[in-house]
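# A look at the structure
Letter by letter, the chains look like this.
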Amino acid sequence: MKLRERLVIKLSTNPVKFYQVGSFAVGNRLLSAEDRSIQSDPDRTNALTSGHRACQGCGEALGARYALDAAMRASGEKIIAVNATGCLEVFSTPYPESSWRIPWLHSLFGNAPAVATGVAAALKAQGRTDIRVVGQGGDGATVDIGFGALSGMFERNDDVLYICYDNEAYMNTGVQRSGATPPAARTATTQAVGENPGNVFGQGKNLPRIAMAHEIPYVATATVADLRDLEAKVTKAMSFRGARYIHVLVPCPLGWGSQSCDTIKIARLATQSGLFPVFEAEHGEVVASTPIRKRESVEEYLKLQVRYSHLFSPSRRDDVIDHLQAIADKNIARYNLMSTENEGQ
Amino acid sequence: MLRQVEGSKAVADTVAACRPQVICAYPISPQTHIVEGLSQLVKNSSLLGCEFINVESEFAAMSVAIGASATGARTYTATASQGLLYMVEAVYNASGLGLPIVMTVANRAIGAPINIWNDHSDSMSQRDSGWIQLYAETNQEAADLHVQAFKIAEELSLPVMVCMDGFILTHAYERVDVPDQDQVDRYLPPFTPRQVLDPTDPLSIGAMVGPEAFTEVKYMSHMKNLQALDVIAQAGDDFTAIFNRDSGGLLRGYKLAGAETVIIALGSVLGTIKDVVDEMRADGLPIGVLGIIAFRPFPFELLRNMLSGAKRVVVLEKAFQLGIGGIVIENVRTSLRGTTTKDFNVIAGLGGRPITKASLRSYFDKAHYDNVADLTFLDLDQQLADHEIAREAGN
């Protein structure tokens, strides 16, 4: 049985067994050695090593480390990473230091998918397709400035796994709105002023669905609240050839105005409220979604973040909160997130 | 092998003989025939071990080239005009990263107004990009320069632009001795990258460099560009030794002996200029030609030495700086600083306007007696322009 299958079955069939008080974390000690998290292994792969300059509680650093370590393990430590400009690039490689223990290339903000294509093409020409290519960037690099390059990489079905670490704004430049910024969120360019404070409703891109429209072999979403799920999805993605896309929600304490200690909690509330659906798609069709275990209102998610504080003070904006709740409800219906069908598989 | 062949086809076959491993391209006139030819050679297995990637933009083309080159593949692309401008951010990145990519620029005007015909405003806009720029006079030279470009690029770990006049060269059929595979193999060794992405020896390429080291990095790039002058000259000499023809190098003089007036230009217009100079020489006028092959880096010292006997130079350019004048002439003036050599600037052939022998003869005849303005737009319809300027001013 493949690792991914084992994980899914264990996670979905015996969820209670792994519950710990106040947490959905899976206890590694309860799993067999081969099923344990990569990070629990003292001899683990180590793509992004310590000493980098990410903020405390950085969701992107956490997501990148888990994702790339999983990709390293899945490829027998034969990966090359291509990084877009952004926080991940800046905090990991201030010359003459580097936190990367893998071959790593940063070119520009808007071209990481195309650079990754070039790396993959070179490896193919050299007969070294045992070496795998991972492209990565934040939401600005992915949904906005690098979108054309990403779509091109998708439609050519180039042998690249592209991972977007989505913190829902341009954090490296000081929290400006991106095409992934959710409605009502305060950013430096969607200020909490006027009659409709924060980002407007009815805008923004759903990149996982756009990726699916390219009918590439594998598309998945994940969050840093469920790192085992992220590891499993990266591992699964590495079992495909062709273009693959994983969209990881990574809370940003600085940009979201949240406590560093709440990064995991907020990511979990994003999924448990339905605002961020976690699912997998193969060749353009959704094949699995992660059910909500304990449904939360969007308010529980919103109130931990200063970027939404204008919805609660000086006066409560129930109209806006209801609007956001409607978005979450729509996701729940669309991805069947309250279903119990998957349980007991 | 001698063939009657289109310039683009000669270049495509020559690039293929250089055994590139990754070719990426986005179509733009007048570059298209080159990449069409290469795509066919890859598809029909004439060019083995090469990936041809059809990309969605020129920005992606240069980006794919960056990734491929950093992974140790010999990498080629081609573009022109708006396409070159669209990839500019990546053009600078390729040189900053020291990646030996070779790119053909099928020279074409830049809009607006949109214009698909030849001039040099596209590649001239990239003169400070850190790329080596070589300009071809003929299709023979265009083909030959590509072989040399890979050698120069890989020896220096710097990217090279081979500039050939769009349509005038790319679409012209003429006799070309297309470099044979065995000759190319003798001249061009397999690519050994200076640094490469390799899981067995991990390397971070493209780190962020702050104020404490940025100046040093740029100074080192400057020194490498200066070093390129020797490498380009040597590449030309080595080429002659194997291919038995003079092609490439830094500068090429024509009838410079005793020349009081020297015409300086780049690219295919040199052929027309030489015809006019032949006629003027036959009429007893001491005039010669200096063709610039390597425009970046600029061979200041060699140019000064080659012009030591000249009383005046005429710099003919197919691009200019709005509100200022010529681009090449500023480099020529720097070369001639401290001398008494006069200089005149003529802008010609913009947007594909034909540069005729008659117009050149008329202008050179006057220039030889210092009887031209410092800056002349050849064959300008002065009356029309003045009329429109007056109309816009409301007069």
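Residues numbered from 1 in each chain as written. Chains lettered and ligands numbered in written order. Predicted model: local features only at pLDDT ≥ 70, side-chain atom pairs only at ≥ 80, totals over all residues.

## Things to note about the overall build of chain B
The secondary structure content of chain B amounts to 14 helices and 18 strands. Taken against the 2.2 N^0.38 rule, which gives 21 Å for 395 residues, the C-alpha radius of gyration of chain B at 21 Å falls within 12% of a compact globule. A buried classification covers 52% of the 395 residues belonging to chain B. Contacts in chain B between residues far apart in sequence, at least 24 positions, make up 79% of those at least 6 positions apart. (Helix = DSSP H or I, 4+ residues; strand = E, 2+ residues; numbered from the N terminus. Rg over C-alpha atoms; globule rule 2.2 N^0.38 Å. Buried ≥ 20, exposed ≤ 12 C-beta atoms within 10 Å, placed from the backbone. Contact = placed C-beta atoms within 7 Å.)

## Remarks on the interface of chain B and chain A
Taken residue by residue, the interface counts 37 residues in chain B and 37 residues in chain A. A per-element tally of the side of chain B that touches chain A places helix H3 (residues 58-70) of chain B first, with nine residues. Partitioned by chemical class, the residues of the side of chain B that touches chain A number 22 nonpolar, eleven polar and four charged. Of the strand pairs in this sheet, strand E2 (residues 104-106) of chain A and strand E9 (residues 204-205) of chain B are connected by two bridges, and their pairing is parallel. Pairing of Trp104(A) across the sheet is with Ser204(B), part of E9(B). (Nonpolar A, V, L, I, M, F, W, Y, C, P; charged D, E, K, R; others polar. Pairing = 2+ DSSP bridges.)

## So, the sheet that holds strand E2 (residues 22-25) of chain B
All names here are of chain B. Within the open sheet, the seven strands sit side by side as E3-E2-E4-E5-E7-E6-E13. Their pairing is mixed. Either end of the sheet is taken by a strand with one partner, and the two such strands are strand E3 (51-54) and strand E13 (294-296). The average undirected angle you get between the axes of adjacent strands in this sheet is 20°. In this structure, strand E5 (residues 102-107) lies alongside strand E7 (residues 160-165), joined through six bridges in parallel fashion. Opposite Met 103, over in E7, you have Met 161 as the bridge partner. Strand contacts of helix H7 (residues 139-156): E5, strand E6 (132-135) and E7, with the helix running at about 170° to E7, the strand carrying the most contacts. (Axes fitted to C-alpha atoms, helices over the stretch in contact; angles between N-to-C directions.)

## Some details on the sheet that holds strand E4 (residues 160-166) of chain A
Neighbouring strands of a sheet are bound in pairs by backbone hydrogen bonds; such pairs are parallel or else antiparallel. The strand order across the open sheet built from nine strands is E8(A)-E7(A)-E5(A)-E6(A)-E4(A)-E3(A)-E1(A)-E2(A)-E9(B), with neighbouring strands paired in mixed fashion. One side of each edge strand has no neighbouring strand; the edge strands of this open sheet are strand E8 (285-289) of chain A together with E9 of chain B. Where strand E5 (residues 218-223) of chain A meets strand E7 (residues 279-282) of chain A, three bridges bridge the pair, whose relative direction is antiparallel. Residue pairing across strands places Val219(A) opposite Ala281(A), the latter belonging to E7(A).

## A few points about the domain arrangement of chain B
All names here are of chain B. Domain boundaries in chain B define domain 1 (2-243) and domain 2 (251-384). Between the C-alpha centres of domain 1 and domain 2 the distance comes to 27 Å. Listed per partner, the contact involves 27 residues of domain 1 and 21 residues of domain 2. Of all the secondary structure elements, the ones that give two or more residues to the side of domain 1 that touches domain 2 are helix H6 (121-124), E6, E7 and helix H9 (211-243). Broken down by element, the side of domain 1 that touches domain 2 gets its largest block of residues, five residues, from H9. For the side of domain 1 that touches domain 2, the residue count by class is 15 nonpolar, eight polar and four charged. (Domains from an automatic or database assignment.)

## Some points on the nonpolar core
Of all hydrophobic cores here, the largest spans 235 residues; its most connected members are Ala71(A), Val119(A), Val248(A), Val160(B), Val162(B) and Ile264(B). For this core, the domains that each give at least three residues are domain 1 (2-243) and domain 2 (251-384) of chain B. The contacts of Ile264(B), once residues within four sequence positions are left out, are Leu290(B), Ile292(B), Val313(B), Val314(B), Val315(B), Leu316(B), Val328(B) and Val332(B). (Core = buried A, V, L, I, M, F, W, Y, C linked by C-beta atoms within 7 Å.)

## Digging into the environment of Gly242(A)
Residue and element names in this part refer to chain A. Along the chain, the position of Gly 242 falls in the loop between helix H8 (227-237) and strand E6 (244-249). Taking the C-alpha atoms as reference points, Gly 242 and Arg 177, 65 residues apart in sequence, are found 31 Å from one another. Ignoring anything within four residues of it in the chain, the contact list for Gly 242 reads Asn 157, Asp 159, Ile 216 and Pro 217.

## Quick word on H7(B)
Residue and element names in this part refer to chain B. For H7, spanning 18 residues, the distance from its first C-alpha to its last is 25 Å, which sits close to the expected 26 Å at 1.5 Å a residue. Of all the 18 residues making up H7, 16 are buried; the element is thus mostly covered by neighbouring parts of the structure. Once H7 finishes, Ser 157 follows within two positions and takes phi at roughly 55°, a positive value. (Expected span 1.5 Å × (residues − 1).)

## A look at unusual backbone geometry
For residues that are not glycine, phi is negative in most cases, and the peptide bond is trans in most cases. That bond from Ser313(A) to Pro314(A) is cis: its omega, 5°, falls within 30 degrees of zero. Mapped onto the elements of the fold, Pro314(A) is located in the loop between helix H11 (298-302) and helix H12 (318-334). Between Arg296(B) and the following residue, Pro297(B), the backbone shows a cis peptide bond with an omega angle of -5°. Looking at the element boundaries, Pro297(B) is found in the loop between E13 and helix H11 (300-306). With phi around 65°, Glu77(A) is a residue other than glycine that occupies positive phi space. According to the C-beta neighbour criterion, Glu77(A) is partly exposed, with 18 such atoms within 10 Å.

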